[in-house]
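If you want the building blocks of each chain, they are given just below.
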Amino acid sequence: MTQRIDLNADCGESYGAWRLGDDDALLGIVSSANVACGFHAGDPSTLRATCARAVEQGVRIGAQVGYADVRGFGRRFIEVPPADLTADVIYQIGALQAIARSVGGEVTYVKPHGALYNAIVGHTSQARAVVDGVLACTSGLPVLGLPGSEFLRIAAEQGLHPVAEAFADRAYTPEGTLVPRSHPGSVLHDPDEIAARVVRMVFDDTVEAIDGTEVELHADSVCLHGDNPEAVRVAARLRTVLEGAGAEIAPFN
């Protein structure tokens, strides 16, 4: 039986004259696109162009919601009151839904970004606030998150479809969480090393933690960070190696 895996990438993160990543190239490789919603990155024209390109390539569009923190690229924790966070999530999903529809697409899932993603691994009130925001928009959107997180637990309890996600270019702790970006070795860059790790994730449900220990890790989707300077090379190499190993690259159900 062929192993099926979704490849997702962060896209639409350019802002005005500031360009970040090569969305056109990435959208020709991945099966799902986490499109910024303007709170951590992305302007309306960029988001519309990104969604149009995704539709053209047959790539699924996901709303990548985050803290209102353009200056920090959404990678700084903010103690947002739950009601405000829920409203922020509704605002972001709603904006991207309208933009996607304007080019013939639709938002098919939600994925938190950066510090918000990491916070709701264990921050119960913020996790619940994000789930409430998704439910306020629609009851049918799948949500991507870290396996074992409060976010996915609460999402499942509330009837959402939780999608377990792994990261191709990030190091893991022995507890199965992501090594903070402030630590040495937290971000991986070598395409061959990354591809070998992901093959192990996909076929063996394991990953080597930063201390050399083996961690169980089942994933339905694997993320590539679009702001990684090697993102396109990594994505192309990863797809080639996975397909060579017998995997089918396709959106999660």
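In case you missed it, the structure is sitting above this.
Remember, it's a predicted structure, so these values are computed and weren't measured experimentally.

(A) Expanded view of the pairing of strand S9 (residues 221–224). By the alternation rule, side chains of S9 split into Ser221 and Cys223 and Val222 and Leu224, which are all buried. Both strand S1 (residues 3–11) and S9 contribute to a ladder of four bridges, which runs parallel. Of the residues in S9, the one forming a bridge with Leu7 is Val222. Sheet topology note: the strand S6 (residues 162–167)/S9 ladder contains three bridges and is parallel. Its bridge partner lying in S9, Glu165 is registered against Ser221.

(B) Seen up close, the environment of Met201. In this structure, Met201 sits in helix H7 (residues 191–204). On the basis of relative accessible area, Met201 is assigned to the buried category, the value being 2%. Residues Met201 and Val222, 21 residues apart in the sequence, show an inter-C-alpha distance of 9.0 Å. The contacts of Met201, once residues within four sequence positions are left out, are Ala166, Phe167, Tyr172, Thr206, Val207 and Leu217.

(C) The packing of aromatic side chains, seen in detail. Here the structure, examined in full by the defined rule, presents five aromatic pairs. Both rings, one in Tyr117 and one in Phe167, keep their centres 5.3 Å apart while their planes meet at 90 degrees; by these two values the pair is edge-to-face. You can see Tyr117 sitting in helix H4 (residues 114–119) and its partner Phe167 sitting in strand S6, a full 50 residues away along the chain. Taken individually, Tyr117 and Phe167 each receive the classification buried, so the pair is uniform in this respect. Here Arg60 stacks its cationic end above the ring of Phe252, 5.8 Å away from the centre of that ring.

(D) Quick peek at the pattern of salt bridges. Counted under the stated rule, the structure contains eleven salt bridges. In this structure, Arg76 and Asp69 form a salt bridge, with 2.5 Å as the shortest nitrogen-oxygen distance. Classification of Arg76 as partly exposed rests on a relative accessible area of 43%. The residue Arg153 makes a salt bridge to Glu150 at a minimum N-O spacing of 2.8 Å. Of the two residues, Arg153 and Glu150 both sit in helix H6 (residues 150–157), three residues apart, roughly one turn of that helix. For Glu150, a relative accessible area of 17% corresponds to the buried category. Where salt bridges share partners, they join Asp10, Lys111 and Glu165 into one cluster.

(E) Inspection of a nonpolar patch on the surface at higher detail. Taken together, the side chains of Tyr15, Trp18 and Val70 present a nonpolar region at the surface, about 310 Å² in accessible area. With respect to the helices and strands, Val70 occurs in the loop between strand S3 (60–65) and helix H3 (82–102).

(F) Summary view of the environment of Gly16. One can find Gly16 in the loop between S1 and helix H1 (23–26). Judged by its relative accessible area of 42%, Gly16 is partly exposed. Taking the C-alpha atoms as reference points, Gly16 and Cys51, separated by 35 residues in sequence, lie 16 Å from one another.

(G) Quick look at helix H5 (residues 124–137). The end-to-end C-alpha distance of H5, which contains 14 residues, comes to 20 Å, matching closely the 20 Å that a straight helix rising 1.5 Å per residue would cover. Residues of H5 that are buried sit in contact with H3, strand S4 (107–112), H4, strand S5 (143–145) and H6.

(H) Broad picture of the packing of H3 against H5. Between H3 and H5, whose axes approach to 8 Å, the crossing angle comes to 40 degrees. Our classification of the angle between H3 and H5 gives oblique. Considering only the axes of H3 and H5, their crossing is right-handed. Contact residues: H3 offers Pro82, Leu85, Thr86, Val89, Ile90, Ile93 and Gln97, while H5 offers Ser125, Gln126, Ala129, Val130, Asp132, Gly133, Val134, Ala136 and Cys137.

Conventions adopted
Residues numbered from 1 in each chain as written. Predicted model: local features only at pLDDT ≥ 70, side-chain atom pairs only at ≥ 80, totals over all residues. Heavy atoms only, no water. Buried < 20%, exposed > 50% of the residue type's maximum accessible area, 1.4 Å probe, protein only. Helix = DSSP H or I, 4+ residues; strand = E, 2+ residues; numbered from the N terminus. Pairing = 2+ DSSP bridges. Contact = heavy atoms within 4.5 Å. Phe/Tyr/Trp six-rings, centres within 6.5 Å; stacked < 30°, edge-to-face > 60°. Lys NZ or Arg CZ within 6 Å of the ring centre and 35° of its normal. Salt bridge = Lys/Arg side-chain N within 4 Å of Asp/Glu carboxyl O. Patch = residues over 30% accessible without salt bridge, like charges linked within 9 Å, V, L, I, M, F, W, Y side chains within 5 Å. Areas by Shrake-Rupley, 256 points an atom, 1.4 Å probe, with all protein chains shown as cover. Expected span 1.5 Å × (residues − 1). Axes fitted to C-alpha atoms, helices over the stretch in contact; angles between N-to-C directions. Parallel < 35°, antiparallel > 145°, perpendicular 65-115°, else oblique. Left-handed = near helix turned anticlockwise from the far one by under 90°.

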